[in-house]
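# Descriptive structure summary
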Amino acid sequence: MIVNASNSKIKYSNLPNLSNPIKKWFQNISFIYISKTIIDFEVIETETLKNFVGVVQNLDSKQLQVKPESQRSWSWKMIHCLPDLVLDVDDIIVYENDRYRVMNIRDFKEYGYLEYHIVKDFIDGNN
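Residues numbered from 1 in each chain as written. Predicted model: local features only at pLDDT ≥ 70, side-chain atom pairs only at ≥ 80, totals over all residues. Heavy atoms only, no water.

### Comments concerning the overall build of the protein chain
Stated precisely, the cut-off is as follows: The secondary structure listing takes helices from DSSP runs of H or I that are at least 4 residues long and strands from runs of E that are at least 2 residues long, numbered from the N terminus. Summary of the burial criterion: residues with accessible area below 20% of their type's maximum are buried, those above 50% are exposed, and those between are partly exposed, where the area comes from a 1.4 Å probe applied to protein chains only. A contact between two residues is defined here by any heavy atoms of the two lying within 4.5 Å. Each accessible area value is a Shrake-Rupley result obtained with a 1.4 Å probe; residue values ignore everything except the protein chains displayed when judging cover.
Within the protein chain, the secondary structure is distributed over two helices and six strands. If you list the helices and strands of the protein chain from N to C, you get α-β-β-α-β-β-β-β. Out of the 127 residues belonging to the protein chain, those deemed buried represent 34%. Pairs at least 24 apart in sequence give 51% of the contacts found in the protein chain among residues at least 6 apart. For the protein chain, the accessible area works out to roughly 9200 Å², and carbon and sulfur atoms hold 49% of it.

Laid out in C-alpha cells, this is it:
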C-alpha cells in the first residue's frame, strides 16, 4: 500500500542534542533578575538573584548588521544557556553591574539550549 507523505508527521529524532557538549564551554553565571509589579499605581521592582550555567558574549558584527541601524552602536550581548533559564522579552537583568533588557529569544530547545539577545538598558536617557 502506498502511503501519502502529506499524512505523515515529520519526526525530528535525528536532531543532535547539544546540551551535553555545550556544557564544556559553560561556566557558572549569576545575575539579578528585576521583576516589576504595580501596587497602588506605583511600579515596584523586586530583585532576585539567578544562578545558571551558560556563556555570555558580545554579538558579532554579522549579528549586529541584522539589527536596525539606529541600534547597532548599542551594547549588545548574547547568552547561551540550558533551557532551565527562563526569561521573556522585555525582562530586565543586572549583569556585571550593568542593567540589560532582553530583546530577543532564540529557542533551540530541540538542540538542548536557548539563546538570548540582551541590550544595555537606558536609564533616565543614559546608557
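So much for the structure itself; the text now carries on.
### Regarding the environment of C81
Looking at where C81 falls in the secondary structure, it is placed in strand β3 (residues 76-81). Residue class for C81 comes out buried when judged on its relative accessible area of 0%. Once you skip the residues sitting within four places of it in the chain, C81 turns out to touch F26, F52, V53, G54, Y113, L114 and Y116.

### Some points on unusual backbone geometry
Positioned with a positive phi, F41 is a non-glycine residue whose angle comes to about 65°. Relative to the elements of secondary structure, F41 occurs in the loop between β1 (27-39) and β2 (42-58). In the Ramachandran plot, E96 falls in the positive-phi region, its phi being about 50° despite a non-glycine side chain. With respect to the element layout, E96 can be found in the loop between β4 (92-95) and β5 (98-108).

### Describing the nonpolar core
This is how the line gets drawn: For our purposes a nonpolar core is just a set of buried Ala, Val, Leu, Ile, Met, Phe, Trp, Tyr and Cys residues, chained together by side-chain atoms within 4.5 Å.
F31, I79, L87, I93 and Y116 are the most contacted members of the largest nonpolar core, which totals 16 residues. At the level of secondary structure, the elements contributing two or more residues to this core comprise β1, β2, β3, β4, β5 and β6 (113-120). Once you skip the residues sitting within four places of it in the chain, I79 turns out to touch F52, V55, V56, I93, L114, E115, Y116 and I118. In terms of nonpolar packing, the next biggest core, distinct from the first, is built from six residues, I22, V55, L82 and Y113 among them.

### Some thoughts on the confidence of the model for the protein chain
Quick note on the threshold: The score called pLDDT rates the predictor's confidence residue by residue, from a low of 0 to a high of 100.
Averaged over every residue, the pLDDT of the protein chain is 83; residues scoring 70 or more account for 79%. By mean pLDDT, the top-scoring element of the protein chain is β4 (94), and the lowest-scoring one is helix α2 (residues 61-66) (70).

### Here we look at the pattern of salt bridges
To be explicit about the condition: The working definition used for a salt bridge is a side-chain nitrogen of Lys or Arg within 4 Å of a carboxyl oxygen of Asp or Glu.
Counted under the stated rule, the structure contains six salt bridges. Here D121 ties to R99 by a salt bridge, and the two come within 3.3 Å at their closest N and O atoms. Residue D121 is found in the segment after β6, and its partner R99 is found in strand β5; the two are separated by 22 residues along the sequence. With respect to class, D121 is no different from R99; both count as buried.

### Details of the sheet that holds β6
To keep things clear, this is the line we draw: Strand pairing is defined by DSSP finding a minimum of two bridges between the two strands. Axes here mean lines fitted to C-alpha atoms, for a helix over just the part in contact, with angles spanning 0 to 180 degrees between N-to-C directions.
Around the barrel, six strands lie side by side as β1-β2-β3-β6-β5-β4; this closed barrel has antiparallel pairing. Going from strand to strand, the sheet's axes swing by 40° on average, the running direction of each strand aside. Summarising the sheet, β5 and β6 pair through eight bridges and their orientation is antiparallel. When the bridges of β6 are listed, R101 appears paired with V119.

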